[in-house]
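# Fold and geometry: a report
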Amino acid sequence: MNPTGHRSCLGSVFLGTIAFTAVSLAGFSVWAFAGGWFYRNVGEAGLYAVTTVVFIGLAGLLMHPLLFGPNRLARFYAAFVPAFMAYAVVWCACWFALGFGDGEWLGSFLGCTAFAFVLGKMLGSTERILNVILLLFAAHSAGYFAGGIVYGALRDPPELLGGLSRQQFSLLARMLWGLFYGLGFGVGIGFAFHQFQIHKQVASAVLPEPAKITQ
């Protein structure tokens, strides 16, 4: 914490990374442990819907300390839910329209843009939104695509891990993707929360006082 009692940028990034990684592992566990059931019974869209609910529900419980001030849990949900929903809708639209490759890259960029814009509006400041979007996109993409590379590599696992069954490899690969995704997106989320709140406070501090009415 800095002398004002607010978390530093580095502290916010650290908290966002750790907390969202835990959220991501829980969300990806739905795919890892119950993905087959969802694909057979409700389809891929149903899987994404349930995963989104898990992400949103746990995010508030673990990440609300990113906010400054009182009533943080309710205020976090009020800001995070619409931002994450905007991200999820944009991501899914790109994915279902274009699939692997182009859909993933476009979804990462447009999804992060939507997340940053909505979050900034809900937190009362969109100052330096370009910086937030760029870092979100870079960190989110690094985590997501690194996880995808690891996931793909474990489809042809090294002999050292040859004692694991195909099902165990599948679980490990999916959870590792969740780990990398959480690490990357968590960095961006922590940075975004800090930047929008700090710049809102700076803007409020420099507003001139109302002119006094002279009698």
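Cut-offs and rules
- Residues numbered from 1 in each chain as written.
- Predicted model: local features only at pLDDT ≥ 70, side-chain atom pairs only at ≥ 80, totals over all residues.
- Heavy atoms only, no water.
- Helix = DSSP H or I, 4+ residues; strand = E, 2+ residues; numbered from the N terminus.
- Buried < 20%, exposed > 50% of the residue type's maximum accessible area, 1.4 Å probe, protein only.
- Contact = heavy atoms within 4.5 Å.
- Areas by Shrake-Rupley, 256 points an atom, 1.4 Å probe, with all protein chains shown as cover.
- Patch = residues over 30% accessible without salt bridge, like charges linked within 9 Å, V, L, I, M, F, W, Y side chains within 5 Å.
- Salt bridge = Lys/Arg side-chain N within 4 Å of Asp/Glu carboxyl O.
- Axes fitted to C-alpha atoms, helices over the stretch in contact; angles between N-to-C directions.
- Parallel < 35°, antiparallel > 145°, perpendicular 65-115°, else oblique.
- Left-handed = near helix turned anticlockwise from the far one by under 90°.
- Nonpolar A, V, L, I, M, F, W, Y, C, P; charged D, E, K, R; others polar.
- Bend = angle between axes of the 7 residues up to and from the residue.
- 1 Å grid on protein atoms, 1.4 Å probe; cavity = no way out; pocket = protein on both sides within 12 Å on 5 of 7 lines; lining within 4 Å.
- Points joined across faces, edges and corners; volume = space filled by probe spheres on them.
- pLDDT = per-residue confidence, 0-100.
- Polar contact = N/O pair within 3.5 Å; in protein donor to acceptor, adjacent residues only side chain to side chain.
- Core = buried A, V, L, I, M, F, W, Y, C linked by side-chain atoms within 4.5 Å.

### Let's talk about the overall build of the chain
Looking only at helices and strands, one finds six helices and zero strands in the chain. Tracing the chain from N to C terminus, the helices and strands come up as α-α-α-α-α-α. Counting the 215 residues in the chain, one finds 41% classified as buried. Considering only intrachain contacts with a sequence separation of at least 6, the fraction spanning at least 24 residues in the chain is 76%. A total of about 11300 Å² of accessible surface is found on the chain, and carbon and sulfur atoms cover 69% of it.

### Some thoughts on a nonpolar patch on the surface
The grouping of Leu98, Leu106, Phe109 and Leu110 at the surface amounts to a nonpolar patch, some 320 Å² of accessible area in total. Looking at the nonpolar patch, the element that brings in the most residues is helix H4 (residues 102-123), giving three residues. Checked against the element boundaries, Phe109 lands in helix H4. Looking at Phe109, the relative accessible area reads 35%, which means it is partly exposed.

### A few points about the packing of helix H2 (residues 43-63) against helix H3 (residues 72-98)
In the contact formed by H2 and H3, the axes pass within 10 Å of each other and the chain directions differ by 155°. As the angle between them shows, H2 and H3 are arranged roughly antiparallel. Along this stretch, H2 crosses H3, giving a crossing that reads as right-handed. Residue-level contacts link Glu44, Ala45, Tyr48, Thr52, Phe55, Ile56, Gly57, Ala59, Gly60, Leu61 and Met63 of H2 to Leu73, Phe76, Tyr77, Phe80, Val81, Phe84, Met85, Ala88, Cys92, Trp95 and Phe96 of H3. Its residues assigned to classes, the contact of H2 with H3 comprises 18 nonpolar, three polar and one charged.

### Overview of helix H1 (residues 9-41)
The sharpest bend along H1 reaches about 80° and sits at Ala34. Of the residues trailing H1, Gly43 is marked for its positive phi of about 85°.

### What to know about the layout of surface pockets
The calculated volume of the largest pocket comes to roughly 610 Å³. Lining the largest pocket are 23 residues, with Phe28, Trp31, Tyr48, Trp91 and Tyr144 positioned closest to its centre. Secondary structure elements with two or more residues in the lining of the largest pocket: H1, H2, H3, helix H5 (129-153) and helix H6 (166-205).

### Remarks on the confidence of the model for the chain
With 87% of its residues at a pLDDT of 70 or more, the chain shows a mean pLDDT of 87. Mean pLDDT in the chain bottoms out at H6, which sits at 86, and peaks at H4, which reaches 96.

### Some points on the side chain of Gln197
Along the chain, the position of Gln197 falls in helix H6. Judged by its relative accessible area of 7%, Gln197 is buried. Here the side chain of Gln197 touches Leu66 through a polar contact of 2.9 Å, landing on its backbone oxygen. Reaching out from Gln197, the side chain makes a polar contact with the backbone nitrogen of Phe68 at a distance of 2.7 Å. Dropping the residues within four chain positions of it, Gln197 is found in contact with Leu66, Leu67, Phe68 and Leu123.

### Focus: the environment of Glu127
With respect to the helices, strands and loops of the structure, Glu127 is situated in the loop between H4 and H5. The exposure class of Glu127 is partly exposed, given its relative accessible area of 48%. C-alpha separation for the pair Glu127 and His199, spaced 72 residues apart in sequence, amounts to 6.3 Å. Contact partners of Glu127, with chain neighbours within four places excluded, come to Phe196 and His199.

### Here we look at the environment of Val50
Along the polypeptide, Val50 turns up in helix H2. Relative accessible area serves as the criterion here: at 32%, Val50 is assigned to the partly exposed category. In this structure, Val50 is in contact with Val30 and Phe38, ignoring residues within four places of it in sequence.

### Let's talk about the nonpolar core
A general feature of soluble globular proteins is that nonpolar side chains tend to end up buried together. Phe20 and Phe115 are the most contacted members of the largest nonpolar core, which totals 48 residues. Looking at this core, the elements that each hand over two or more residues are H1, H2, H3, H4, H5 and H6. The contacts of Phe115, once residues within four sequence positions are left out, are Phe80, Ala83, Phe84, Tyr87, Leu136, Phe185 and Ile189.

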